Amino acid sequence: MLAVGKGMVLVYIGLLFPLLAGIGWKAVKREEHHGILYGYLLGSLTVWAVFFAVARYVITGKKTLAELSHIWMSVVLVWSVGIIFFLVMKKKFREKHRKIGIKKMLPGVLLVAALTVVCVGFSVNEQQDHTVENVLTMYVTDSLYEYNPMNGKEKDQLLSLEAEALELQAKSPLDALYAVEAYGVRVNPGKLVRVMLPVFFLPFYVCVYAAWGHYLFGENAGKRYLFQAVVWFLYAIPLVAERDVVFQVYTNCWNGETLFFLGLLPLAVLLLLGERDTSRTLSDFKQPYLIAEYLICALAGQLLYTKGFFFVTFIWGTVLIVLGIKRWKDGSSNTTVKRTI
């Protein structure tokens, strides 16, 4: 019975809470990026961005994993209560979003279930992935990036190169999020990473490519399903090839670099493109919602990958420069970037 309760708490934190966090985005009156799909995706990014800010504050203050866990669980509780209060008070918003197309979601749910089985079955100890070791070390020592998970030595006892590597990990503290969940729910870190995390993260990958499918093919369900099938078939190739590929979504979907390059970065590009059959203008980037999207993408990207903030900023900056050049060249404030997709 206790195990069931722990599982329910983890499911809430990993799946339901991002959905609730996305309600704030759905409440903004916008025509683009609407529906439960984008609500979940933007909610996930927002949760990661907020955790990054909290984790960096705690790590910089030399606090323990227990303290970070207490702070983050308090944030989740207050955040959840606030969203529920908003839903209770906003009757019109609640009625507008009450009906969810269960039949439309069924193919995605089945796909996630199948991918989860494959992911758990093919989960192996990749040489490039030390997530379990990192989480277990923080869980056992009640610390945050103070011990080398490979040899158990404290930071003061490490060589300068090893200490720098540990500090670099602390700049993108995704493993700390897993350690907080393991500590807060008192679950084995190995089981959390290899069994539970695929259940939490594979829906994110699937939703990212579902959003791309909607952007590319609109209401053509057949082409959207074919697009998903091709994507996951291509990602399955390393399972039967030599293991020389760093990012393998089936074997370590929880890895920060995998999440960033195969999930967050494609989503960030899609958010930049905007709604299908429309074009961005330079004035769009003055809108508060687009500035907020940039911030959560950049902060969430930094949580997942040490250069995530740079990559997201580079993409946003490149688009701004292109729009600025075109506006200057054409002498028009309405100049747009024409789509080639």
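Residues numbered from 1 in each chain as written. Predicted model: local features only at pLDDT ≥ 70, side-chain atom pairs only at ≥ 80, totals over all residues. Heavy atoms only, no water.

### A short note on the overall build of the chain
Argument step 1. Scanning the chain for helices and strands turns up 14 helices and zero strands.
Argument step 2. Secondary structure elements of the chain, listed N to C terminal, follow the sequence α-α-α-α-α-α-α-α-α-α-α-α-α-α.
Argument step 3. Per-residue burial for the chain yields a buried fraction of 45% across its 341 residues.
Argument step 4. Element-wise, carbon and sulfur atoms account for 65% of the exposed surface of the chain, whose accessible area totals about 17,900 Å². (Helix = DSSP H or I, 4+ residues; strand = E, 2+ residues; numbered from the N terminus. Buried < 20%, exposed > 50% of the residue type's maximum accessible area, 1.4 Å probe, protein only. Areas by Shrake-Rupley, 256 points an atom, 1.4 Å probe, with all protein chains shown as cover.)

### With respect to the packing of helix H4 (residues 65–89) against helix H9 (residues 174–185)
Argument step 1. Viewed as axis vectors pointing N to C, H4 and H9 meet at an angle of 85°, and their least axial separation amounts to 9 Å. Taken together, H4 and H9 sit at an angle that is classed as roughly perpendicular. Contacts between H4 and H9 involve Leu65, Ala66, Leu68, Ser69, Trp72 and Met73 from the former and Ala176, Leu177, Ala179, Val180, Tyr183 and Gly184 from the latter.
Argument step 2. Across the contact of H4 with H9, the residue classes tally to ten nonpolar, two polar and no charged. (Axes fitted to C-alpha atoms, helices over the stretch in contact; angles between N-to-C directions. Parallel < 35°, antiparallel > 145°, perpendicular 65-115°, else oblique. Contact = heavy atoms within 4.5 Å. Nonpolar A, V, L, I, M, F, W, Y, C, P; charged D, E, K, R; others polar.)

### Quick look at a nonpolar patch on the surface
Argument step 1. Taken together, Leu226, Val230, Phe233, Leu234 and Ile237 make up a surface patch of nonpolar side chains, about 490 Å² in accessible area.
Argument step 2. Here Ile237 shows up in helix H11 (residues 221–240). (Patch = residues over 30% accessible without salt bridge, like charges linked within 9 Å, V, L, I, M, F, W, Y side chains within 5 Å. Salt bridge = Lys/Arg side-chain N within 4 Å of Asp/Glu carboxyl O.)

### A look at the nonpolar core
Argument step 1. Among the nonpolar cores identified, the biggest contains 94 residues, and Leu45, Trp48 and Tyr178 are the most heavily contacted of them.
Argument step 2. In this view, Trp48 contacts Leu177, Phe201, Phe204, Leu259, Leu264, Ala300, Leu303 and Leu304; residues no more than four positions away in its chain are not counted. (Core = buried A, V, L, I, M, F, W, Y, C linked by side-chain atoms within 4.5 Å.)

### Focus on the packing of aromatic side chains
Argument step 1. One pass over the structure, following the stated rule, counts 24 aromatic pairs.
Argument step 2. Look at Tyr12 and Phe17: their rings are 6.2 Å apart centre to centre, the planes differ by 40°, and that puts the pair in the tilted class.
Argument step 3. Relative accessible area serves as the criterion here: at 25%, Tyr12 is assigned to the partly exposed category.
Argument step 4. These aromatic residues form a ring-pair network of at least three members: Phe260, Phe261, Tyr305, Phe310, Phe311 and Phe314. (Phe/Tyr/Trp six-rings, centres within 6.5 Å; stacked < 30°, edge-to-face > 60°.)

### Some words on the side chain of Gln302
Argument step 1. Mapped onto the elements, Gln302 comes out in helix H13 (residues 288–304).
Argument step 2. A polar contact is formed between the side chain of Gln302 and the backbone nitrogen of Phe309, at a distance of 3.2 Å.
Argument step 3. Discounting chain neighbours no more than four positions away, the residues touching Gln302 are Phe52, Lys171, Ser172, Lys307, Gly308 and Phe309. (Polar contact = N/O pair within 3.5 Å; in protein donor to acceptor, adjacent residues only side chain to side chain.)

### Section: empty space enclosed by the protein
Argument step 1. Scanning all chains against the criterion turns up two cavities of 30 Å³ or more.
Argument step 2. By volume, the largest cavity amounts to about 170 Å³.
Argument step 3. Lining the largest cavity are 16 residues, and of these Ile13, Gly14, Pro18, Trp48 and Phe201 sit closest to its centre.
Argument step 4. Mapped by element, the contributors of at least two residues to the lining of the largest cavity are helix H1 (2–21), helix H3 (35–60), H4, H9 and helix H10 (189–217). (1 Å grid on protein atoms, 1.4 Å probe; cavity = no way out; pocket = protein on both sides within 12 Å on 5 of 7 lines; lining within 4 Å. Points joined across faces, edges and corners; volume = space filled by probe spheres on them.)

### Description of the confidence of the model for the chain
Argument step 1. Averaged over all residues, the pLDDT of the chain is 82; the fraction at 70 or higher stands at 81%.
Argument step 2. Across the chain, the secondary-structure element scoring lowest on mean pLDDT is helix H5 (residues 91–96), at 55, and the one scoring highest is H9, at 94.
Argument step 3. Across residues 333–341, confidence stays below pLDDT 50; counting only partners more than four residues off in sequence or on other chains, it has 30 contacts. (pLDDT = per-residue confidence, 0-100.)

### Some words on H13
Argument step 1. For H13, with 17 residues, the first-to-last C-alpha span of 24 Å sits near the 24 Å given by 1.5 Å per residue.
Argument step 2. Burial analysis of H13 places twelve of its 17 residues in the buried class, the great majority of the element.
Argument step 3. Where H13 is concerned, the buried positions are Tyr289, Leu290, Glu293, Tyr294, Ile296, Cys297, Ala298, Ala300, Gly301, Gln302, Leu303 and Leu304. (Expected span 1.5 Å × (residues − 1).)

### Some thoughts on unusual backbone geometry
Argument step 1. At Asp142, a position not held by glycine, the phi torsion is positive, near 50°.
Argument step 2. Along the chain, the position of Asp142 falls in the loop between helix H7 (131–141) and helix H8 (160–170).
Argument step 3. Phi is positive for Arg186, which is not a glycine, with a value near 60°.
Argument step 4. You can see Arg186 is positioned in the loop between H9 and H10.
Argument step 5. Accessibility expressed as a relative area gives 44% for Arg186, which makes it partly exposed.

### Quick look at the packing of helix H12 (residues 256–273) against helix H14 (residues 308–330)
Argument step 1. The N-to-C vectors of H12 and H14 enclose an angle of 25°; their axes lie 11 Å apart at closest approach. It follows from the interaxial angle that H12 and H14 lie roughly parallel. Note that H12 runs across H14; the crossing there is right-handed. In this structure, H12 uses Phe260, Phe261, Leu264, Leu265, Ala268, Val269 and Leu272 to contact H14, whose residues at the interface are Gly308, Phe311, Val312, Ile315, Trp316 and Val319. (Left-handed = near helix turned anticlockwise from the far one by under 90°.)

### Notes on H10
Argument step 1. Its 29 residues give H10 an end-to-end C-alpha distance of 40 Å, which sits within 8% of 42 Å, the value for a rise of 1.5 Å per residue.
Argument step 2. Remark: the principal bend of H10, roughly 50°, maps to Leu197, with a proline, Pro198, within the next four residues.
Argument step 3. Most of H10 sits out of view: 21 of its 29 residues are buried.
Argument step 4. Immediately downstream of H10, the backbone of Gly218 shows phi near 60°, a positive value. (Bend = angle between axes of the 7 residues up to and from the residue.)

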